[in-house]
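Commentary on secondary and tertiary structure
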Amino acid sequence: MPLSIYNSYSRTKELFKPITEGHVGMYVCGPTVSGESHLGHARPYISFDVVYRYLSHLGYKVRYVRNITDAGHFEEEGREAEDKVSKKALLEKLEPMELVQKYTNLFHWAMKQFNCIEPSIEPTATGHIVEQINMIEGIIAAGYAYEVNGSVYFDVKKYAASHDYGKLSGRVIDDLLETTRELDGQEEKRDRADFALWKAAPPEHIMRWKSPWGEGFPGWHIECSAMATKYLGARFDIHGGGMDLQFPHHESEIAQSTICNHQPPVNYWMHNNMITINGRKMGKSYNNVIKLTELFSGNHPLLTQAYHPMTIRFFILQSHYRSTLDFSNEALQASEKALKRLWDSYENLKKLDLPADQAADDQELNGRIEKLLAELESFMDDDFSTPKVIANLFDMAPVINSIKDGLIPANAISGQTLANLKSSFTLYLEDIFGLQSPYQSDNSLLQGVMQLLIDIRKESRAKKDFATSDKIRNQLSALGILIKDEKDGNMSWSLS
RNA sequence: GGUCCUUUGGCCGAGUGGCUAGGCAAAGCUCUGCAAAAGCUUCUACAGCGGUUCGAGUCCGCUAGGGACCUCCA
């Protein structure tokens, strides 16, 4: 079954066909490392991590490029031009690159917590100043940019005359141009819709580079165009990012790259929707962000507890990437429990065993399982419908648990089906969804201690000394360690 | 103001016009020394109004609520 992807550019699902057979070039807008990442930022990186993993599973060799924006951006016209990064650096009395390094490290740490695979290339904006300058020169040479007082702007009106500016973001160019006339005459830009490719740096600006137009720094949009072109070519397969980047960022990227490279840069535009909180987008300007470090530690007024990175990953995958997802403690707690139940079932599954040539005793059940398994790939092929995959896995969990508890005889399903179950659960949970055990990592010392306590408890129960057995269980429970009595007289434990 | 999206059971959240999404919570039962876990069962919703259709949560229109983008923003 072929993969189809919802293309923001055409606003329809399209069959995915890579430019180069067997290969996929994917660019995803990365973080601006002038501050800590929050929950909202986690969504694209987790969503596209799954896209990356799934494309790889399909056999594609994927080059995944995700940038680090470490140059900061100037504020919009009408206000003093200032570099976000250097401004904060001054306040914190840090070297700009020191600050950038700190938040880059923190970002990488968070990605590791989420078990996101590192991109193939993670280019930085500051490391590609030359490429950006070259690209700007190309745009000027083509006649689509102009220089004013050491700054360079893209001529949107001229571009729009012969190109479809606004198509990606559903913008009407005339509306964009119309607002121009309301502006005061002090603008350097010819038109309000124009955007900066290069900004002259005021004297106090710390980050600055020499350019043909004087000392300055690159505009925001040009870095992605320059780096994507360098590593993925003039035209590549997939460009991803948050919906809020559609305009002006991605729209501008299309314009710049199209002029410079004489063709539209991207075949499939993918945009993830926002994470909301009380129905509102989580964002700095709304003052409602929960940083990832706060989420992991529970240290935030809106949080009633800490959340495991895998809980958050699962929470995000339980909804479709193009839907808004509302944060709440209740929703996250529901995800936490759900993930644990599914993971427990997966652990149970791994312990089941049947001869490979075992025939199925219950054809109906066996057929149902096979059908649920077969659907998994078609769900993913349908624009990465992770919630449906999860729903099917949950449909199989009771069967697995019942076999494990002996409520359903193991040979109800065939050896082949059991093997398929095992490989599918591993494939989807671990390889494609990138999930890991939601329990705290066990260490061997604790393992040994727990085995001792379990042995003692088993002995006391054998002697009907329930006072002792209950004491062990209750005291451990108070410490956050749960002991479960299994049907066969064994005990298992987990950290709550 | 412009453009666009959205409104699903107690909560979260899938839904390609025709059959039970799924999860969490709740209730009952089974299992169990007790508990937890697990299993089984129950809870059948689609903002309102009108229209298209043999048939609509799913298409169209209107009304109401919510939101996003238009400025940095995942």
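As a reminder, the structure under discussion sits directly above these lines.
These remarks concern the structure in this document. (Residues numbered from 1 in each chain as written. Chains lettered and ligands numbered in written order. Predicted model: local features only at pLDDT ≥ 70, side-chain atom pairs only at ≥ 80, totals over all residues. Heavy atoms only, no water.)

1. Concerning the pairing of strand E7 (residues 195-200)
Two faces belong to every sheet, and in a regular strand the side chains alternate between them. The buried fraction of E7 amounts to 5 of the 6 residues, a majority that puts the element mostly inside the structure. Note: strand E6 (residues 151-154) against E7, 3 bridges, orientation antiparallel. In the strand pairing of E7, Val152 is matched with Trp198. Of the strand pairs in this sheet, E7 and strand E8 (residues 216-218) are connected by 3 bridges, and their pairing is antiparallel. Across the sheet, the residue bridging to Lys199 is Phe217, located in E8. (Buried < 20%, exposed > 50% of the residue type's maximum accessible area, 1.4 Å probe, protein only. Helix = DSSP H or I, 4+ residues; strand = E, 2+ residues; numbered from the N terminus. Pairing = 2+ DSSP bridges.)

2. A short note on the pattern of salt bridges
Following the criterion strictly, the structure yields 17 salt bridges and no others. Across the pair Arg208 and Glu215 runs a salt bridge whose closest N-O atoms are separated by 2.6 Å. Classification of Arg208 by relative accessible area gives partly exposed; the value is 28%. For Glu215, a relative accessible area of 35% corresponds to the partly exposed category. One salt bridge in this structure joins Asp344 and Lys484, with 3.6 Å as the shortest N-O distance. In this pair, Asp344 is assigned in helix H11 (residues 329-351) and Lys484 in strand E14 (residues 481-485), connecting sequence segments 140 residues apart. It is possible to trace a salt-bridge network through shared partners that takes in Asp49, Arg53 and Arg313. (Salt bridge = Lys/Arg side-chain N within 4 Å of Asp/Glu carboxyl O.)

3. As for the sheet that holds strand E5 (residues 145-148)
Taken in spatial order, the 4 strands line up as E5-E6-E7-E8 in an open sheet, and their pairing is antiparallel. Every other strand in the sheet has two partners, leaving E5 and E8 as the edge strands with one partner each. Strand-to-strand twist of the sheet, defined as the mean angle between neighbouring strand axes without regard to direction, takes the value 20°. Strands in contact with helix H4 (residues 129-141) are E5, E6, E7 and E8; relative to E7, the strand with the most contacts, it is inclined by about 120°. (Axes fitted to C-alpha atoms, helices over the stretch in contact; angles between N-to-C directions. Contact = heavy atoms within 4.5 Å.)

4. Some thoughts on unusual backbone geometry
The linkage connecting Phe247 with the following residue, Pro248, adopts the cis geometry, with an omega of 0°. On the secondary structure map, Pro248 appears in helix H8 (residues 246-261). Located in the positive-phi region is Phe384, a residue other than glycine, with phi close to 60°. Mapping Phe384 onto the fold places it in the loop between helix H12 (363-381) and helix H13 (386-404). On the basis of relative accessibility, which here comes to 3%, the residue Phe384 falls in the buried class.

5. Topic: the pairing of strand E15 (residues 491-495)
Most of E15 is tucked away, with 4 of its 5 residues classed as buried. For E14 and E15, the ladder comprises 5 bridges, and the chain directions are antiparallel. By the bridge assignment, Asp485 is partnered in E15 with Met491. Following E14, the chain reverses through 5 residues before pairing antiparallel with E15; Gly489 in that reversal takes a positive phi of roughly 90°.

6. Overview of the environment of Pro2
Looking at the element boundaries, Pro2 is found in the segment before strand E1 (4-7). Under the relative-accessibility criterion, Pro2 is labelled exposed at 53%. Taking the C-alpha atoms as reference points, Pro2 and Lys17, separated by 15 residues in sequence, lie 9.1 Å from one another. Contacts of Pro2, omitting those with residues within four sequence positions, involve Leu15 and Asp381.

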